[in-house]
Amino acid sequence: MYQKPSNAFIGASWVALGAGMLGYLIGLWRAEMLLNEKGYYFTILMYGLFSAVSVQKCVRDRLEGVPVTDIYYGISWFSTILAITLLAVGLWNATMLPSEKGFYAFAFLLSMFGAIAVQKNTRDSQDYKKQG
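Parameters at a glance
Residues numbered from 1 in each chain as written. Predicted model: local features only at pLDDT ≥ 70, side-chain atom pairs only at ≥ 80, totals over all residues. Heavy atoms only, no water. Core = buried A, V, L, I, M, F, W, Y, C linked by side-chain atoms within 4.5 Å. Buried < 20%, exposed > 50% of the residue type's maximum accessible area, 1.4 Å probe, protein only. Helix = DSSP H or I, 4+ residues; strand = E, 2+ residues; numbered from the N terminus. Contact = heavy atoms within 4.5 Å. Axes fitted to C-alpha atoms, helices over the stretch in contact; angles between N-to-C directions. Left-handed = near helix turned anticlockwise from the far one by under 90°. Nonpolar A, V, L, I, M, F, W, Y, C, P; charged D, E, K, R; others polar.

A. Structural view of the nonpolar core. The biggest cluster of nonpolar side chains holds 21 residues, and the ones touching the most others in it are Tyr 24, Met 33, Tyr 41, Leu 87, Met 96, Tyr 104 and Phe 108. At the level of elements, helix 1 (7–30), helix 2 (35–63), helix 3 (70–93) and helix 4 (98–131) are the ones that each hand at least two residues to this core. Here this core takes six residues from helix 4, the largest share from any one element. Residues within four places of Phe 108 in sequence aside, it is in contact with Tyr 24, Ile 44, Leu 45, Gly 48, Ala 83, Ile 84 and Leu 87.

Shown next, in the form of structure tokens:
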């Protein structure tokens, strides 16, 4: 039995994803860093979002009995951990204020949480429509 996610949770998930991504990207746009540094942080955001959604999908598929290969499951987890590690290393070595580093870290994590929640809500809504 599938339960449709509440509109409040759907809305909160989209707000979390949007606020995290928008804050992160506005911070990058306004940052006084070289273009290649901005590209690095942008790529890490996109890679992190994709890998987080991939992990959520793999976990959900396995719970529902949908076949997921161990290699893809492992790569998804490795990619998520790698994205977080790459961001941490980049921020650790960056020449910016600690408050800026914290801003990027929390915007990144909020974006990843939002992406996972949006993916979950999308899947729950689709399953609910199939059921009813």
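So, next bit.
B. Just the packing of helix 2 against helix 4, in detail. Orientation of helix 2 relative to helix 4, taken along the N-to-C sense of each, is 40°, at an axis distance of 9 Å. Of the two elements, helix 2 crosses helix 4, and the hand of that crossing is right-handed. Between helix 2 and helix 4, the residues in contact are Ile 44, Leu 45, Gly 48, Leu 49, Ala 52, Val 53, Gln 56, Lys 57, Arg 60 and Asp 61 and Phe 108, Ser 111, Met 112, Ala 115, Ile 116, Gln 119, Lys 120, Arg 123, Asp 124 and Asp 127, respectively. Of the residues contributing to the contact of helix 2 with helix 4, the split by class is nine nonpolar, four polar and seven charged.

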